[in-house]
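# A structural walkthrough
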Amino acid sequence: MKVYHGSCIEVHNPKISYSRANVDFGKGFYVTQIYEQAVKWSLRFKKKDKAAIVSCYDLDANAFKGYSVKEFSGYTEEWLDFIVDCRSLKDESNYDVVIGGVADDRVFNTVELYLDGLVDKIEAIKRLKYEKPNMQICIRNQEIIDKYMKFEGSEKL
């Protein structure tokens, strides 16, 4: 399957060790099957006078077999709890791969309201159900990248 990564640099050989830990699904290499989403993400760097580059990879369809995968079907209470744990560095899960919606600017506004105690979990989930989830794949195991993901090229925007 084709997957994309939006950044300010071409990422030929992704290394999990370079990623930040306090993001949506924790430390890992983030890709998406949605090209437009990767473009949107990379264009954020252009606003900071950096390059906007989308790297493309072929991810073997069997890449996740035999690994621990957590997939969220939408913006659910479980998804919200996981995002909060990861962003506050309290995640203790050992998933090799996490798949689910992105806590982009619109979504994260609701997550912040919840974190600040301004809305309860029920209200946060109610607000999130009106957001169309994007999709991200967080690969948290370097072996998957090394064995099953092949760089195909990049595009400077």
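The structure this text deals with has already been given above.
Residues numbered from 1 in each chain as written. Predicted model: local features only at pLDDT ≥ 70, side-chain atom pairs only at ≥ 80, totals over all residues. Heavy atoms only, no water.

### What to know about the sheet that holds strand β4 (residues 69–71)
What counts here: A pair of strands counts as paired when DSSP detects no fewer than two bridges linking them. Per the convention used, a helix needs a DSSP run of H or I reaching at least four residues, while a strand needs a run of E reaching at least two, with both numbered from the N terminus. Axis geometry follows a simple rule: fit a line to the C-alpha atoms, using only the stretch in contact for helices, then measure angles between N-to-C directions, giving values from 0 to 180 degrees.
Across the sheet, four strands lie side by side as β2-β6-β5-β4; this open sheet has mixed pairing. Across the chains shown, the open sheet's two edge strands, defined by having one partner strand only, are β2 (29–31) and β4. Direction aside, the axes of adjacent strands within the sheet are offset by 15° on average. In this structure, β4 lies alongside strand β5 (residues 97–100), joined through three bridges in parallel fashion. Paired with V69 across the bridge in β5 is V97.

### Section: the sheet that holds strand β3 (residues 53–59)
Here is the rule: Throughout, a contact is declared for two residues whenever any of their heavy atoms are within 4.5 Å.
Taken in spatial order, the three strands of this open sheet run β1-β3-β7, and their pairing is antiparallel. Where the open sheet ends on each side, the last strands, each with one partner, are β1 (2–7) and β7 (149–156). The sheet shows a mean angle of 25° between the axes of neighbouring strands, direction not considered. Direction of pairing for β3 relative to β7: antiparallel, over a ladder of seven bridges. Its bridge partner lying in β7, D58 is registered against K150. The sheet strands contacting helix α1 (residues 35–46) are β1, β3 and β7, and the helix crosses β1 at an angle near 15°.

### A look at the nonpolar core
Let me state the cut-off plainly: Side-chain atoms within 4.5 Å link the members of a nonpolar core, which is a set of buried Ala, Val, Leu, Ile, Met, Phe, Trp, Tyr and Cys residues. Burial classes follow relative accessibility: with a 1.4 Å probe on protein chains only, a residue under 20% of its type's maximum area counts as buried, one over 50% as exposed, and anything between as partly exposed.
Of all hydrophobic cores here, the largest spans 20 residues; its most connected members are F25, W79, L80 and V111. Within the residue set of this core, elements represented by two or more residues are α2 (77–87), α3 (105–115) and α4 (121–128). Among residues more than four places away in sequence, those in contact with L80 are V111, Y114, K121, A124 and I125. Counting residues in hydrophobic clusters, the runner-up holds 19 residues, among them V3, F64, I137 and I144.

### Notes on the pattern of salt bridges
Here is the rule: A pair is scored as a salt bridge if a Lys or Arg side-chain nitrogen falls within 4 Å of a carboxyl oxygen belonging to Asp or Glu.
On inspection of all chains with the given rule, the structure shows six salt bridges. As a salt-bridge pair, R140 and D91 come within 3.2 Å of each other at their nearest N and O atoms. Of the two residues, R140 is situated in the loop between β6 (136–139) and α5 (142–148) and D91 in the loop between α2 and β5; the sequence distance between them amounts to 49 residues. One salt-bridge network, held together by shared partners, links E77, D81 and K121.

### Details of unusual backbone geometry
In this structure, D49 takes a positive phi of about 60° despite not being glycine. Checked against the element boundaries, D49 lands in the loop between α1 and β3. Here the phi dihedral of L89 falls at roughly 60°; this positive angle occurs in a residue that is not glycine.

### With respect to the pairing of β3
Most of β3 sits inside the fold, with six of its seven residues counted as buried. Bridge count between β1 and β3: six bridges; the pairing is antiparallel. Considered in β3, the bridge of S7 is made with I53.

### Overview of the layout of surface pockets
Stated precisely, the cut-off is as follows: With a 1 Å grid spanning the protein atoms alone, the term cavity applies to any set of points in which a 1.4 Å probe fits but cannot get out, the term pocket to an open set with protein on both sides within 12 Å along at least five of seven lines, and the term lining residue to any residue with an atom within 4 Å of a point. Grid points are joined across faces, edges and corners, and a volume is the space filled by probe spheres set on the points. Polar here means any residue other than Ala, Val, Leu, Ile, Met, Phe, Trp, Tyr, Cys and Pro, which are nonpolar, and Asp, Glu, Lys and Arg, which are charged; Gly is therefore polar.
Taken as a whole, the largest pocket holds about 1,200 Å³ of empty space. Contributing elements (two or more residues each) for the lining of the largest pocket: β1, β2, α1 and α3. Broken down by element, the lining of the largest pocket gets its largest block of residues, seven residues, from α1. Residue classes in the lining of the largest pocket are distributed as 18 nonpolar, 11 polar and 11 charged.

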